[in-house]
Amino acid sequence: MRKLAIFLALLPLITAAQVRVASAAKPNNAIEYRYDSTKNVMRFVQYYVGQDLFVIPVSSSYKSSINPEGRFGKGIKVTDGSTWLDGKVSFNEVQGKTFHVTGIEEKKIRGQLTGYFLILEDKETGEEVYFENHTQFIGFFPFITLGFKEKYERVNKDKKFVFRSYTLHDFDTGEKIDAHKTTWTFKEIIAMPDVMKAGYYLVNDGGIATAVESMDNFIPKSDIDSYAKKYGKEMVDAALDGNVKVGMASDLVRIAKGQPEHINSASYGQQWVYKNMYIYIKNGKVTGWN
């Protein structure tokens, strides 16, 4: 009993000697926004702070329900919990210019957050303008983020890609091109005034150029060559045709159908969920689909 009493008396000292207790950290609820230079259009406008944006000029053939006019102003007004542009700036005054994003302001209607204003500083004159980024027009972003352009071109300049879809348009004539499984060389990011978006400019071996809004249908040729050696040319050709086969590797499923919307795990393996089908994969290979 005496030994137990001595042990209990020493327990606080033993515990203190063996366990280091960290001081309590103060909670930090702030979100840290970091710009992802692999994309031109970001999910959060906060990512653009500190970036340079080139305003894509508009062409006479541009057709959209979203008019670029009225989206720029010299400042903002705040009244009764609402904010809106003050001193409208014509789009003609800003198109083709480069601006530095110095900050953002919230856009509200009667206290309800409906979007943001990007605060832009003209890189040449230093003048300040505001751009209204309304949540209703989330897909409208008439800029090329120069950090994205610089990095994408540095990584992919003169890199060859295989086109997995079927038709492209000749950049010079606008005519359709039968381009299925053809090889294209990426050259640069360009502004596309007809759609007011950043474009990927590519050239094929015959010197024909095209420009696309997305590289989703272009697979690096180095990957295609590697997959052909690993899985066989027949399987790769099937994937490029958009077909799935039993025994096909999951790498090729992504070529055939793109990234799945969801991947569910179960005892039978994985279920890859696409818009119109389910693909079942076990040990990295297709076992079936419906």
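Here is a short report on the structure shown in this document. (Residues numbered from 1 in each chain as written. Predicted model: local features only at pLDDT ≥ 70, side-chain atom pairs only at ≥ 80, totals over all residues. Heavy atoms only, no water.)

## Some remarks on the environment of Lys157
- Note that Lys157 resides in the loop between helix H3 (146-156) and strand E8 (160-163).
- The exposure class assigned to Lys157 is partly exposed, which follows from its relative accessible area of 48%.
- Lys157 sits 29 residues away from Phe186 along the chain, and the two C-alpha atoms are 5.9 Å apart.
- Once residues within four sequence positions are removed from consideration, Lys157 is found in contact with Tyr152, Phe186 and Lys187. (Helix = DSSP H or I, 4+ residues; strand = E, 2+ residues; numbered from the N terminus. Buried < 20%, exposed > 50% of the residue type's maximum accessible area, 1.4 Å probe, protein only. Contact = heavy atoms within 4.5 Å.)

## A few points about the layout of surface pockets
- Estimated volume of the largest pocket: approximately 370 Å³.
- Every residue lining the largest pocket is counted, 18 residues in all, and those nearest its centre are Asn40, Val41, Lys197, Ala198 and Glu213.
- Sorting elements by how many residues they give to the lining of the largest pocket places strand E12 (residues 197-204) first, with three residues. (1 Å grid on protein atoms, 1.4 Å probe; cavity = no way out; pocket = protein on both sides within 12 Å on 5 of 7 lines; lining within 4 Å. Points joined across faces, edges and corners; volume = space filled by probe spheres on them.)

## Quick look at helix H5 (residues 233-240)
- The complete set of buried residues in H5 reads Met235, Val236, Ala238, Ala239 and Leu240.
- Buried residues in H5 make contact with E8, helix H4 (221-231) and helix H6 (250-257).
- Positive phi appears at Gly242, one or two residues downstream of H5, with a value of about 85°.

## Some points on H6
- For H6, the full list of buried residues reads Ser250, Leu252, Val253, Ile255 and Ala256.
- Those residues of H6 that are buried lie in contact with strand E14 (218-220), H4, H5, strand E16 (269-273), strand E17 (278-282) and strand E18 (285-289).
- Note on H6: the residue one or two positions beyond its end, Gly258, has a positive phi of about 85°.

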